[in-house]
Amino acid sequence: MKKIKDEIKGFLGADTEFEGKLSFTGTVRIDGRFKGDILAEGSLIVGETSIVEADIRVLQIIINGEVRGDIVAESVIEIRAPAKVIGNINAPSIIIQQGAVFEGNCIMQKKCEGANNNVVALPKNS
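Calculation criteria
- Residues numbered from 1 in each chain as written.
- Predicted model: local features only at pLDDT ≥ 70, side-chain atom pairs only at ≥ 80, totals over all residues.
- Heavy atoms only, no water.
- Helix = DSSP H or I, 4+ residues; strand = E, 2+ residues; numbered from the N terminus.
- Buried < 20%, exposed > 50% of the residue type's maximum accessible area, 1.4 Å probe, protein only.
- Areas by Shrake-Rupley, 256 points an atom, 1.4 Å probe, with all protein chains shown as cover.
- Phe/Tyr/Trp six-rings, centres within 6.5 Å; stacked < 30°, edge-to-face > 60°.
- Salt bridge = Lys/Arg side-chain N within 4 Å of Asp/Glu carboxyl O.
- Core = buried A, V, L, I, M, F, W, Y, C linked by side-chain atoms within 4.5 Å.
- Contact = heavy atoms within 4.5 Å.

Q: Report on the overall build of the protein, specifying residues and quantitative values.
A: In terms of regular secondary structure, the protein is built from zero helices and 14 strands. Secondary structure elements in the protein, listed N-terminal to C-terminal, are β-β-β-β-β-β-β-β-β-β-β-β-β-β. Going through the 126 residues of the protein one by one, you find that 41% of them count as buried. Surface exposure of the protein reaches about 7200 Å², of which carbon and sulfur atoms provide 46%.

Q: Let's hear about unusual backbone geometry: which residues, and what values?
A: With the exception of glycine, the majority of residues adopt a negative phi angle, and the majority of peptide bonds are in the trans configuration. Omega for the bond connecting alanine 81 with proline 82 falls within 30 degrees of zero, at 10°, which places this linkage in the cis form. Note that proline 82 resides in the loop between strand 8 (71–79) and strand 9 (84–86).

Q: An account of the packing of aromatic side chains is needed here, citing residue identities and associated values.
A: Enumeration according to the criterion identifies one aromatic pair in this entry. With 5.6 Å between their ring centres and 20° between their planes, phenylalanine 18 and phenylalanine 34 make a pair best called stacked. Here phenylalanine 18 is found in strand 2 (residues 17–24), whereas its partner phenylalanine 34 is found in strand 4 (residues 33–40), with 16 residues between them in sequence. The exposure class assigned to phenylalanine 18 is partly exposed, which follows from its relative accessible area of 36%.

Q: Any chance you could break down the pattern of salt bridges for me, citing the residues and the numbers?
A: A full pass over the atoms with the stated rule returns three salt bridges. Ionic pairing is found between arginine 68 and glutamate 66, a salt bridge with its closest N-O pair at 2.7 Å. The exposure class assigned to arginine 68 is partly exposed, which follows from its relative accessible area of 36%. A salt bridge links glutamate 78 to arginine 80; the shortest N-O distance between them is 2.7 Å. Using a relative accessible area of 17% as the deciding quantity, one classes glutamate 78 as buried. Given the relative accessible area of 31%, arginine 80 is considered partly exposed.

Q: Describe the nonpolar core, naming the residues involved and giving the relevant values.
A: Ile38, Leu44, Ile56, Ile63 and Ile77 are the most contacted members of the largest nonpolar core, which totals 26 residues. The biggest single contributor to this core is strand 6 (residues 51–63), with six residues. Residues within four places of isoleucine 38 in sequence aside, it is in contact with Leu22, Phe24, Ile30, Leu44, Val52, Ala54, Asp55, Ile56, Arg57 and Val58.

Q: Please set out the environment of isoleucine 63 residue by residue, giving values where relevant.
A: Residue placement: isoleucine 63 occurs in strand 6. When the C-alpha positions of isoleucine 63 and arginine 80 are compared, they lie 5.9 Å apart, and in sequence the two are 17 residues distant. In contact with isoleucine 63, not counting residues within four places along its chain, are Val46, Ile71, Ile77, Glu78, Ile79, Arg80, Ala83 and Val85.

Here it is, written out as structure tokens:
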């Protein structure tokens, strides 16, 4: 599994609102409000103060805030407390931390033959 790089190439702060289509490579962090579609060959970090209403297709995603919409990740979806996700999720590896809320359907598909698919429920203090 690829790790999210420390270098953030784009950032929407807590007091920002954006509506439209977002596409990027690298890592982007959203702490404000976003509504639309997100299609990226990179990693997305959804901050604790964020509210995202979007269908999302990314390499990997870490969610700490609220997401409403379907999420497809090529690598991993990580939902951390106090996150709230309402929508369907699809990734080879899914991590849902204790204290996070997920309402929807979960589909895990192998990236390639022989790949391990993992659903992990982590304790809140991990």
